[in-house]
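Observations on the model geometry
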Amino acid sequence: MTDVINPATGTVLASVPSLGLAETDAAIERAQQAFGSWRQVAPGDRARLLRRFATAVDDHLAELAELEVRNAGHTIGNARWEAGNVRDVLNYYAGAPERMSGRQIPVVGIIVPWNFPMPIAGWGFAPALAAGNTVVLKPAELTPLTAIRLGELALEAGIPEGVFTVVPGAGSVVGQRFVTHPAVRKVCFTGSTGVGKAIMAGCADQVKRVTLELGGKSANIVFADADLEKAAAAAPASVFDNAGQDCCARSRLLVQDSVYDRFLALLEPAVKAFRVEDPALATAEMGPLISAAHRTSVASYVGDAEVAFAGEAPNGDGWWFPPTVLLARSTGDRHWREEVFGPVLSVLPFRDEAEAIALANDTEYGLSGSIWTRDLGQALRVSRGVETGALSVNSHSSVRYWTPFGGMKQSGLGRELGPDALHSFTDVKNVFISTDS
Ligand code: NDP
């Protein structure tokens, strides 16, 4: 059994079985058997079952959101959006079965991290099920509760036994078995770049298909001609949302040197006003970090760095950390280069467009980013120049379920969401039929 902790209080919330190798193999074998009948379900019926699953999620939206607040420390506003996102993604892919021709990959193994337990699970299982695959899903050990509940809701909605199985347990046991078990023909992984590389190498052994969604160190580029008030008001949430535990966090802020001082003066009150409090409160903008170990890791980046200013966080129990803005002394600073995965923003000035693009690209990652300018030509040139999978101009959105999401360089491989995701759950088979009599 594994104790599941509420990160806002440090207290044990539940105990969840940590399944071993034999139980993982049994789940995979059940999924393999279920594939035979699931692929035969008529497209219209498969679509109907997915819509019923979406309705079940919608009917339990408040329960799922409250569970996530307690398990992951997400603000209630975010958690409601996340449960709604699972419903929306299921409904979106429920439109797919009738429009696809019969090409499936039998069993798909999905490995989910702790930072967005519900949406990332849904981005994997919804298109996989729609494409006719069966699914085994491993939630992160820290945040298994909503995934387990989604598994129950799938059964209640009529998804047949074995088609979608949640297998809680350790990454090195359950997740690793998804990589090595020959019946799992595709692995979807979201998490750290290090583990992602090991999974890709492991999948090579069986030439197993893999989708990777890994880390990020995204740039928020603010040009002198931008609406600075708006850009400064939006910058805190772009990096502190979900306590910075977001692969799309705009954790590097690049500000054109001619407006650098003015922009920091606008940013400071916005950071100090960012509300860090009990995530169950409707007013909360940020909750705690996920664990004590993670808080130690985040704090190590602040260490002897130059702090420009910081917000407030509760002092009591739980893994709290204040929103913190650091001045980068050079692009070699550890907090500038590495994914902190916490509420820490690094700031650096730039001279001109060319330097902004060069600095934004000076990273092994390429997941997301933002450009703030009123000059449309500049917005398009910089969008072309920055090597990243999702960019927003004069806003900070990265995810809409109807458009593709994924990274360039070491941020990942393949695309989730949108029409593209379905292709990664299907194989092309070319059958020649002789018409000789
Ligand atoms: P990991 O990459 O270790 O974990 C992500 C998932 O992979 C979890 O379900 C984990 O299981 C599983 N896993 C771990 N090891 C293996 C393995 N050998 N084979 C198969 N599955 C495995 O991330 P961490 O939780 O350790 O976070 C560390 C850092 O990674 C963060 O600080 C952040 O920088 C980055 N990260 C990035 C994310 C993103 O969205 N891109 C998401 C999460 C983390 P288990 O729960 O048992 O550990």
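Scroll up a little and you will see the structure.
The present account deals with the structure reproduced in this document. (Residues numbered from 1 in each chain as written. Predicted model: local features only at pLDDT ≥ 70, side-chain atom pairs only at ≥ 80, totals over all residues. Heavy atoms only, no water.)

**Overview of the nonpolar core**
Residues Phe-53, Leu-90, Phe-125, Leu-137, Ile-159 and Phe-164 are the most contacted members of the largest nonpolar core, which totals 52 residues. If one sorts the elements of this core by residue count, helix α5 (residues 117-130) sits on top with nine residues. In contact with Phe-125, other than residues within four places in its own chain, are Phe-53, Val-86, Leu-90, Ile-110, Val-135, Leu-137, Leu-150 and Phe-164. One finds Phe-240, Val-259, Val-271 and Leu-289 within the second-largest nonpolar core, a separate group that totals 38 residues. (Core = buried A, V, L, I, M, F, W, Y, C linked by side-chain atoms within 4.5 Å. Buried < 20%, exposed > 50% of the residue type's maximum accessible area, 1.4 Å probe, protein only. Helix = DSSP H or I, 4+ residues; strand = E, 2+ residues; numbered from the N terminus. Contact = heavy atoms within 4.5 Å.)

**Concerning the packing of helix α2 (residues 43-59) against helix α6 (residues 145-156)**
Contact geometry for α2 and α6: axes closest at 9 Å, N-to-C directions at 130°. Relative to α6, the element α2 lies oblique. Of the two elements, α2 crosses α6, and the hand of that crossing is right-handed. Touching Phe-53, Ala-56 and Val-57 of α2 are Leu-150, Leu-153 and Ala-154, all from α6. Its residues assigned to classes, the contact of α2 with α6 shows six nonpolar, no polar and no charged. (Axes fitted to C-alpha atoms, helices over the stretch in contact; angles between N-to-C directions. Parallel < 35°, antiparallel > 145°, perpendicular 65-115°, else oblique. Left-handed = near helix turned anticlockwise from the far one by under 90°. Nonpolar A, V, L, I, M, F, W, Y, C, P; charged D, E, K, R; others polar.)

**Quick word on the layout of surface pockets**
Roughly 780 Å³ of internal volume is contained in the largest pocket. What lines the largest pocket is a set of 33 residues, and nearest its centre among them are Pro-113, Trp-114, Gly-191, Ser-192 and Val-195. The set of elements that each furnish at least two residues to the lining of the largest pocket consists of α7 (171-180), β6 (184-190), α8 (193-204) and α11 (292-302). A class-by-class count of the residues in the lining of the largest pocket yields 16 nonpolar, 13 polar and four charged. When its volume is computed, the second largest pocket comes out at roughly 490 Å³. Phe-116, Asp-241, Asp-246, Ser-398 and Val-399 are the residues nearest the centre of the second largest pocket, which is lined by 22 residues in total. Split into classes, the residues belonging to the lining of the second largest pocket amount to 12 nonpolar, five polar and five charged. (1 Å grid on protein atoms, 1.4 Å probe; cavity = no way out; pocket = protein on both sides within 12 Å on 5 of 7 lines; lining within 4 Å. Points joined across faces, edges and corners; volume = space filled by probe spheres on them.)

**Quick word on the site of the ligand**
Contacts to the ligand come from 26 residues, most closely from Trp-114, Glu-141, Gly-171, Ser-192 and Leu-214. Between an oxygen atom of the ligand and a main-chain N or O atom of Glu-141, the distance comes to 2.7 Å. Contact distances for the ligand include 3.3 Å between a nitrogen atom and a backbone N or O atom of Gly-191. Within the complex, the protein chains bury 80% of what would otherwise be the 870 Å² of accessible surface of the ligand. Applying the majority rule of atoms within 2 Å of the grid points places the ligand in the largest pocket. Of all the elements in the fold, those that place two or more residues in the shell around the ligand are α7, β6 and α8. Counting residues per element, the shell around the ligand draws most heavily on α7, at three residues. Counted by class, the shell around the ligand contains 12 nonpolar, 10 polar and four charged residues. (Near = heavy atom within 4 Å. Polar contact = N/O pair within 3.5 Å; in protein donor to acceptor, adjacent residues only side chain to side chain. Areas by Shrake-Rupley, 256 points an atom, 1.4 Å probe, with all protein chains shown as cover. Sits in = over half its atoms within 2 Å of the grid points.)

**Regarding the side chain of Gln-378**
Along the chain, the position of Gln-378 falls in helix α14 (residues 376-385). In this structure Gln-378 comes out as buried when scored by relative accessible area, which is 11%. With sequence-adjacent residues up to four places away left out, Gln-378 is seen in contact with Phe-223, Asp-225, Glu-353 and Thr-373.

**Regarding the packing of aromatic side chains**
Under the definition given, this model contains 10 aromatic pairs. Each ring, one from Trp-123 and one from Phe-405, has its centre 5.4 Å from the other, and the planes form 70°; the classification is edge-to-face. Separated by 282 residues along the polypeptide, Trp-123 in helix α5 and Phe-405 in the loop between β14 (392-393) and β15 (412-413) bring together distant segments of the chain. Grouping residues by exposure puts Trp-123 and Phe-405 together as buried. Between Tyr-401 and Trp-402, the aromatic rings sit 4.9 Å apart at their centres with planes inclined by 90°, giving edge-to-face as the arrangement. Of the residues examined, Trp-402 reaches a relative accessible area of 46% and is grouped as partly exposed. Following the ring pairs from residue to residue traces out a cluster consisting of Tyr-92, Tyr-93, Tyr-401 and Trp-402. Lys-186 extends its terminal NZ or CZ atom over the ring of Phe-425, reaching a point 4.6 Å from the ring centre. (Phe/Tyr/Trp six-rings, centres within 6.5 Å; stacked < 30°, edge-to-face > 60°. Lys NZ or Arg CZ within 6 Å of the ring centre and 35° of its normal.)

**Looking at empty space enclosed by the protein**
One pass over the full model with this rule turns up three cavities of 30 Å³ or more. What lines the largest cavity is a set of 14 residues, and nearest its centre among them are Lys-217, Arg-252, Ala-360, Tyr-365 and Ser-368. For the lining of the largest cavity, the class distribution of residues is five nonpolar, six polar and three charged. Looking at the second largest cavity, its volume works out to about 70 Å³. Looking at the lining of the second largest cavity residue by residue, the class counts come to six nonpolar, four polar and three charged.

**Focus on the pattern of salt bridges**
Applying the stated criterion across every chain yields a total of 17 salt bridges. Note that Arg-87 and Asp-58 form a salt bridge whose closest N and O atoms lie 2.7 Å from each other. Taken together, the residues span a long stretch of sequence, with Arg-87 in helix α4 (residues 76-94) and Asp-58 in helix α2 at a distance of 29 residues. A relative accessible area of 21% places Arg-87 in the partly exposed class. According to the relative accessible area criterion, Asp-58 is partly exposed, its value standing at 35%. (Salt bridge = Lys/Arg side-chain N within 4 Å of Asp/Glu carboxyl O.)

Interpretation note: all reported values are geometric properties and have no functional meaning in isolation.
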